[in-house]
Amino acid sequence: MPRFQPFNPADDSAYHAWRGWKLRAGPCLPEEVLVPVRDLSRLTDTEYQAVLGRVRRFNLAIYQVTGTRAAGKADIRALGRRFGLESLDMNLRADEDSITTIAVKPVADGTRYIPYTDRPLNWHTDGYYNRAEEQVRGIIMHCVAAAASGGDNLLLDPEIAYIRLRDENPDYIRALMRPDVMTIPANVEQGSELRAAQSGPVFSLENGTDALHMRYTARTRSIEWKDDATTRNAIEFLRELLDGDNPWLIRHRLQAGQGIICNNVLHRREAFADDRDHRRVLYRARYHDRIHATVAGPDCYGERKCSG
Ligand SMILES: [Fe+2]
């Protein structure tokens, strides 16, 4: 039986079959992706299926811990394992256990990275500067405490971005799948190279599963795009899609005890303000694994045939 490859630009019939299924249910409201769970480290089967169902449909779920015990990093680890998220991405600034605590840090800590400030973070997927073999495919972002104001996340399923681009012009997809379409220059601090320059595609198919993977940043400084008209038009189209009024965008401000578990969806963060009693703290775990059992086959998880 031929492989079902809806994201292969050469396979129109698989694409249209899958696309029909994907769009049939329409965009979701933030409350539709919200799943209450009692204990992150021990989801019940019902809770597990509820989270998995959201991720299959939207590539993300937002959970809300309803139990009284505050979740710690060990709980995040356990939650990840339940969904096949094992291989944590090592991060320059991760704590020892590779789960990063994200909060505003004083400048004296020597960081100039925007995640550790209260400034907005533009659209991206995580780890776009990673090597090809260390791409970030799964993320858990858990909110320990919310800011006094702001800090909303905007989220977009990369499969929707893919559909919009492919429907507009299939050559956009071909251009964005080239292995040298986007280059991140080397990270050099005080004369030493912390990370080599990294070229890679925006869209790729995961080895073995053919799941769609997206590598992207909207930043314009220190990014080198392949210099041709199709790439420029594709990037402009994507930029307009992300900044425009799009019913598939999900806006959500994480509250304490809530978190996002996702297949590295497109996201941005708005600016926020802490005060003495409300200091935003997040735990972030990045994995090289994709959430298991979230690749639609020809039967679309048995829901119905992918058709029309
Ligand atoms: Fe991020």
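Everything numeric in this text was worked out from a predicted model, so none of it was measured.

Brief notes about the overall build of the protein
Regarding its fold elements, the protein presents six helices and 19 strands. For a compact globule of 308 residues, the expected C-alpha radius of gyration is about 19 Å, and the protein comes in at 19 Å, within 12% of that figure. The dimensions of the protein, computed from C-alpha atoms along their principal axes, are 55 × 50 × 35 Å. Counting over 308 residues, the protein shows a buried share of 50%. Taking as baseline every contact in the protein between residues at least 6 positions apart, the subset at least 24 positions apart corresponds to 79%. Total accessible area on the protein stands at roughly 14400 Å², and carbon and sulfur atoms take up 49% of it.

A look at the coordination of the iron ion
Surrounding the iron ion are the protein donor atoms His-124 (NE2), Asp-126 (OD) and His-267 (NE2), which sit 2.0 to 2.2 Å from the metal. Every donor residue of the iron ion comes from the same chain, spaced as H-x1-D-x140-H. Highlighted residues: His-124 in strand β4 (residues 121–124) and His-267 in strand β17 (residues 266–269), separated in sequence by 143 residues. Across the pair, His-267 and His-124 agree in class, each one buried.

What to know about the pattern of salt bridges
Counted according to the given criterion, the structure contains 22 salt bridges. Put simply, Asp-167 and Arg-19 hold a salt bridge, and the shortest N to O gap is 2.8 Å. Residue Asp-167 is found in helix α4 (residues 158–168), and its partner Arg-19 is found in helix α1 (residues 12–24); the two are separated by 148 residues along the sequence. Owing to a relative accessible area of 36%, Asp-167 belongs among the partly exposed residues under this scheme. Given a relative accessible area of 23%, Arg-19 falls into the partly exposed group. One salt bridge connects Arg-253 with Asp-152, and the closest N-O pair in it is separated by 2.6 Å. With Arg-253 in the loop between β15 (250–252) and β16 (258–262) and Asp-152 in the loop between β6 (149–150) and β7 (153–156), this pair connects stretches of sequence that are 101 residues apart. Here Asp-152 falls in the buried class, since its relative accessible area comes to 9%. Three or more residues are tied together by salt bridges with common partners; here these are Asp-152, Arg-251, Arg-253, Arg-268 and Glu-270.

So, unusual backbone geometry
One non-glycine residue, Asn-264, lies in the positive phi region at around 40°. When you line up the elements, Asn-264 lands in the loop between β16 and β17. By relative accessible area, which is 2% here, Asn-264 ends up buried. Not every positive phi belongs to a glycine, and Ala-293 is a case in point at roughly 60°. Note on placement: Ala-293 falls in the segment after β19 (281–287). Residue classification places Ala-293 among the partly exposed positions, given a relative accessible area of 42%.

Remarks on α1
Across its 13 residues, α1 extends 18 Å between first and last C-alpha, which sits within 8% of the 18 Å expected from 1.5 Å per residue. Taken as a whole, α1 has its buried residues at Ala-14, Tyr-15, Ala-17, Trp-18, Gly-20, Trp-21 and Lys-22. On its buried face, α1 is in contact with α2 (45–58) and α4. In the segment just after α1, Gly-26 is the residue with positive phi, at about 75°.

Quick look at the packing of α4 against helix α6 (residues 229–243)
The interhelical angle for the contact between α4 and α6, taken along N-to-C directions, is 130°, at an axis separation of 11 Å. Between α4 and α6, the interaxial angle falls into the category oblique. Like other packed secondary-structure pairs, α4 and α6 cross with a definite hand, here right-handed. Residue-level contacts link Ala-161, Arg-164, Leu-165 and Glu-168 of α4 to Ala-234, Phe-237, Leu-238 and Leu-241 of α6. The residue makeup of the contact of α4 with α6, split by class, is six nonpolar, no polar and two charged.

Comments concerning the packing of aromatic side chains
One pair of aromatic rings is described through two measures. These are the centre distance and the angle between the planes. Inspection of the entire model under this criterion finds 10 aromatic pairs. Ring geometry for Tyr-15 and Trp-18: centres 6.3 Å apart, planes at 40°, overall tilted. Of this pair, Tyr-15 and Trp-18 are both found in helix α1, three residues apart, which corresponds to roughly one turn of the helix. With relative accessibility at 1%, the residue Trp-18 sits in the buried group. With a centroid separation of 6.4 Å and an interplanar angle of 40°, the aromatic rings of Tyr-216 and Trp-225 are classed as tilted. Judged by its relative accessible area of 0%, Tyr-216 is buried. Owing to a relative accessible area of 22%, Trp-225 belongs among the partly exposed residues under this scheme.

What counts, and at which threshold
- Residues numbered from 1 in each chain as written.
- Predicted model: local features only at pLDDT ≥ 70, side-chain atom pairs only at ≥ 80, totals over all residues.
- Heavy atoms only, no water.
- Helix = DSSP H or I, 4+ residues; strand = E, 2+ residues; numbered from the N terminus.
- Rg over C-alpha atoms; globule rule 2.2 N^0.38 Å.
- Buried < 20%, exposed > 50% of the residue type's maximum accessible area, 1.4 Å probe, protein only.
- Contact = heavy atoms within 4.5 Å.
- Areas by Shrake-Rupley, 256 points an atom, 1.4 Å probe, with all protein chains shown as cover.
- Donors = N, O, S within 2.8 Å, 3.2 Å for Na, K, Ca; no water.
- Salt bridge = Lys/Arg side-chain N within 4 Å of Asp/Glu carboxyl O.
- Expected span 1.5 Å × (residues − 1).
- Axes fitted to C-alpha atoms, helices over the stretch in contact; angles between N-to-C directions.
- Parallel < 35°, antiparallel > 145°, perpendicular 65-115°, else oblique.
- Left-handed = near helix turned anticlockwise from the far one by under 90°.
- Nonpolar A, V, L, I, M, F, W, Y, C, P; charged D, E, K, R; others polar.
- Phe/Tyr/Trp six-rings, centres within 6.5 Å; stacked < 30°, edge-to-face > 60°.

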